[in-house]
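# Remarks on the overall topology
Listed here are the chains, written in short residue letters.
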Number of protein chains: 2
Amino acid sequence: MAGEWPVSAKEPGPRGPRGVGSDTRADILTAARMSFADKGFAGTTIRAVAAAAGVDPALVHHYFGTKDDLFLAALELPVDPRTVMAGVVDGDPATLGPRLLRAFLGVWDDPETRLPLVALLRAGLAGEPGRTILETALQRIVFAFLAGAVPLDDAERRTSLVASQVLGLIAARYLLRLEPIASMPAEEVVAWLGPTVQRYLTAPTP
Amino acid sequence: MAGEWPVSAKEPGPRGPRGVGSDTRADILTAARMSFADKGFAGTTIRAVAAAAGVDPALVHHYFGTKDDLFLAALELPVDPRTVMAGVVDGDPATLGPRLLRAFLGVWDDPETRLPLVALLRAGLAGEPGRTILETALQRIVFAFLAGAVPLDDAERRTSLVASQVLGLIAARYLLRLEPIASMPAEEVVAWLGPTVQRYLTAPTP
């Protein structure tokens, strides 16, 4: 791959600048997906992704911003989890659990946003390389955002406990479609599971 | 398949009765797995499994007992869930949640019993036909046993809520291996998640 670098994205091609630009974006995303899957988030560098895609690192930054942004773009999520999480963390910490579940159900109960996420989840639960990608997505996007915005004592432990309830809700409601939880109105799910998530986030350690 | 019926398992063959018997068992299990995967538990009959395996239905009963027993045999579980569940339901209903989790962790924390279950879980979460098999296994073995042994108000709703926590524990601890819940001592998992499972089983409807 190093031998191909630097093939400039601005090199004139038969399709003209617009065609070259969109191919370059796709090449960068493909290289990024391969690297995140293969080497994980920590092992991925903008420089190595640029080299694999045959472009200058500055172009990767120009198109995608930070490594976090590049990771999010590579996931092709149907919603920006940072926008969703911003609405969750804004409010009374005593009702954070129900708010988190309500936001989660808003995204997952809509088939249009659910389907790409189901694919990501299934790939993650099936083993590598999907596992690393899903773990990174949870750790860096959902958990880090949550822990950064809400003062949590022992944040890693608490967010992994929350994950154990929310991942199970996904498995029971959307993947296995176990009744009656699969057809339960969202507010009933919040009434049952909200106190669980709240306890994992803020209750004293048992 | 109907044309092959009835090829008697007792028909003398070159391998003698022992060889024929073990082939017949395997044929019945293969036919049973295909039927449970394809038609579900309700759509599977001993008669149809026998026909597909080319044997007399009486022989299926002789080898495997009831349809529940045949289903269990087809799953090739590393432990008999009915034995595990019998130890769970025996005791104070007020501590059923922690007992259920402790029994669950005893089976899943041991790699020898975990690995075949991970395969069953992954196949179930990946979609059909594994989904139907896993759903049936949960409904008929774990939930039915639990609801039959413990008086639960609104048992279906409560067992599906328990599933949402236990499936998530599997996903976080064993499939995604999210830290720190992946390495948490079993008793710490019980201390955190036990009250959740207990609430889903016996607390008043919120």
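See the structure above.
Residues numbered from 1 in each chain as written. Chains lettered and ligands numbered in written order. Predicted model: local features only at pLDDT ≥ 70, side-chain atom pairs only at ≥ 80, totals over all residues. Heavy atoms only, no water.

Residues and elements named next belong to chain A. Relative to each other, helix α9 (residues 155-175) and helix α10 (residues 186-202) sit at 160 degrees, their axes nearing to 8 Å. In this view, α9 runs roughly antiparallel relative to α10, as classed from their interaxial angle. Handedness of the crossing formed by α9 with α10: right-handed. Contacts between α9 and α10 involve Arg158, Leu161, Val162, Ser164, Gln165, Leu169 and Arg173 from the first element and Ala186, Val189, Leu193, Thr196, Val197, Arg199, Tyr200, Leu201 and Thr202 from the second. (Axes fitted to C-alpha atoms, helices over the stretch in contact; angles between N-to-C directions. Helix = DSSP H or I, 4+ residues; strand = E, 2+ residues; numbered from the N terminus. Parallel < 35°, antiparallel > 145°, perpendicular 65-115°, else oblique. Left-handed = near helix turned anticlockwise from the far one by under 90°. Contact = heavy atoms within 4.5 Å.)

It is worth spelling out unusual backbone geometry at this point. Residue Pro129 of chain A is reached from Glu128 of chain A by a cis peptide bond, and omega for that bond is 0 degrees. Phi at Glu76 of chain B takes a positive value of approximately 50 degrees, unusual for a residue other than glycine. For Glu76 of chain B, a relative accessible area of 56% translates into the label exposed. Even without being a glycine, Arg177 of chain B presents a positive backbone phi close to 50 degrees. (Buried < 20%, exposed > 50% of the residue type's maximum accessible area, 1.4 Å probe, protein only.)

So, about the interface of chain A and chain B. The partner chain B presents 45 residues to the 45 residues of chain A that form the contact. For the pair chain A and chain B, the summed buried surface comes to about 3,700 Å²; carbon and sulfur atoms form 64% of the total. A per-residue breakdown of the area chain A buries against chain B is headed by Leu125, Leu176 and Trp192 of chain A, which together make up 21% of the total. Taken together, chain A and chain B are joined by two salt bridges. The residue Glu188 of chain B makes a salt bridge to Arg157 of chain A at a minimum N-O spacing of 2.5 Å. For the pair chain A and chain B, the number of links is 20 residue pairs in polar contact (both at pLDDT 80 or more). Counting residues per element, the side of chain A that touches chain B draws most heavily on α9 of chain A, at 14 residues. The residue inventory of the side of chain A that touches chain B, partitioned by class, reads 25 nonpolar, nine polar and eleven charged. (Buried area = accessible area lost by both parts, 1.4 Å probe. Salt bridge = Lys/Arg side-chain N within 4 Å of Asp/Glu carboxyl O. Polar contact = N/O pair within 3.5 Å; in protein donor to acceptor, adjacent residues only side chain to side chain. Nonpolar A, V, L, I, M, F, W, Y, C, P; charged D, E, K, R; others polar.)

All names here are of chain B. Here helix α7 (residues 111-126) crosses helix α9 (residues 155-175) at 115 degrees, and the two axes come no closer than 12 Å. Seen from above, α7 lies across α9 with left-handed handedness. Between α7 and α9, the contacting residues are Arg114, Val118, Leu121, Arg122 and Leu125 on the first element and Leu167, Ile170, Tyr174 and Leu175 on the second. Counted by class, the contact of α7 with α9 contains seven nonpolar, no polar and two charged residues.

So, about helix α3 (residues 57-64) of chain B. Residue and element names in this part refer to chain B. Buried residues of α3: Pro57, Leu59, Val60 and Phe64, and no others. Each buried residue of α3 lies within a common arc of 155 degrees when the element is viewed along its axis, so the set occupies one face. Two residues or fewer past α3, Gly65 is found with a positive phi of approximately 80 degrees. (Arc of directions from axis to C-beta.)

Next up on the list: the packing of aromatic side chains. Under the counting rule described, the total for this entry stands at 15 aromatic pairs over all chains. Here the aromatic rings of Phe36 of chain A and Phe41 of chain A are separated by 5.8 Å at their centres, their planes lie at 10 degrees, and the arrangement is stacked. By the burial criterion, Phe36 of chain A is buried, and Phe41 of chain A matches it. Taken together, the aromatic side chains of Phe36, Phe41 and Phe71 of chain A make up a single cluster linked through ring pairs. Its end group placed over the ring of Phe41 of chain B, Lys67 of chain B keeps NZ or CZ at 4.5 Å from the ring centre. (Phe/Tyr/Trp six-rings, centres within 6.5 Å; stacked < 30°, edge-to-face > 60°. Lys NZ or Arg CZ within 6 Å of the ring centre and 35° of its normal.)

Before going further, it helps to examine the relation of the copies chain A and chain B. In screw terms, the move from chain A to chain B is a rotation of 180 degrees and a rise of 0.0 Å along the axis, fitting with an RMSD of 0.0 Å. Read as a symmetry element, the transformation amounts to a two-fold axis. Residue Gly168 of chain A of chain A places its C-alpha closer to the rotation axis than any other residue of that unit, at 1.6 Å. (Least-squares fit on C-alpha atoms with pLDDT ≥ 70 in both.)

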